[in-house]
Amino acid sequence: MRGLVLFALCVGCAACATTDSVGRGDTRIDDGEKSDAEIKKAEKEGKCGPDGKGDVVLLDGKTGGPLTCALVTVSTVQDSCSIGSECPSDVLFQGRTNRRGQFASPRPFARVRLEAVSEGYGTGILGSASLASGKVLEVEMPPDPDEGFWLKILDTDGNYLQDLSVTFRSGDDVLAALRTNVLANVFFTQRNPFSGQEVTAEAEGYQSLKISGASDLGDDGHTLTLKKR
């Protein structure tokens, strides 16, 4: 079982499917991936963090792979402060991740919430984070909300439903046919795919689920939980 804010470390990147410009199809997203040549070039130009094992890894919510050689700011916030509230924060790290999407923490921390920001992404959040020897903390970076809408698809035990084909219908019309990536995410190019219409999510082996709005998508508004048949 995996929590909603602790995410699988996936060094072998897999892309997620998304709708095309008219809201249909099963198009791959690979633009978040960096080739080995690109990474080597970034390292040579000093646009990549130092290689070696880090304490925190940032994961690309679209591709499922590490957010390599990205300029990021990661802050610590008291875990007791509600998300979305005005909370005092301290910058833990500001710089570039390495080829593995990792960085080394400059200081210890315990029982805090990590909040990571990087251009082109929403805020990545990891709650109840503590630095422990030999353990790499994992923070998923969701897509920029201005670029579309993402969903994480789980079963009722909280397990990731990876590489699962899901069809979203409005009545008899197919709005999107998507496949989850290794982080169990799918991505819609529409910012509000479930506004103004009831949508049914269907996946083989699972009960169909009606979605009327964000209230049906978990506490975070981005989680779809499917029950087995």
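As a reminder, the structure under discussion sits directly above these lines.
First, a word on what this report is: a plain description of the structure on this page. Just so it is clear, the structure is predicted and the values come from calculations on it, not from any experiment.

**A short note on the sheet that holds strand 14 (residues 199–202)**
Taken in spatial order, the four strands of this open sheet run 12-11-14-15, and their pairing is antiparallel. A single partner strand is all that each edge strand has here, and the edge strands are strand 12 (173–179) and strand 15 (209–211). On average, each strand axis in the sheet is tilted by 25 degrees relative to the strand beside it, whichever way the strands run. Here strand 11 (residues 165–170) pairs with strand 12 via six bridges, running antiparallel. Bridge pairing links Ser165 to Arg179 in strand 12.

**Points about unusual backbone geometry**
Unusually for a residue other than glycine, Cys69 sits at a positive phi of about 50 degrees. As for its placement among the helices and strands, Cys69 is situated in the loop between strand 3 (56–60) and strand 4 (71–78). If you check the backbone angles, Ala184 has positive phi at about 65 degrees while not being a glycine. By the secondary structure assignment, Ala184 is in the loop between strand 12 and strand 13 (185–188).

**Concerning the environment of Asp173**
You can see Asp173 is positioned in strand 12. Along the chain, Asp173 and Val199 lie 26 residues apart, while their C-alpha atoms are 9.7 Å from each other.

**A short note on the environment of Ala132**
Following the sequence through the fold, Ala132 ends up in the loop between strand 8 (124–129) and strand 9 (137–141). Placed 23 residues apart in sequence, Ala132 and Phe109 show a C-alpha to C-alpha distance of 9.0 Å.

Cut-offs used in this document
- Residues numbered from 1 in each chain as written.
- Predicted model: local features only at pLDDT ≥ 70, side-chain atom pairs only at ≥ 80, totals over all residues.
- Heavy atoms only, no water.
- Pairing = 2+ DSSP bridges.
- Helix = DSSP H or I, 4+ residues; strand = E, 2+ residues; numbered from the N terminus.
- Axes fitted to C-alpha atoms, helices over the stretch in contact; angles between N-to-C directions.

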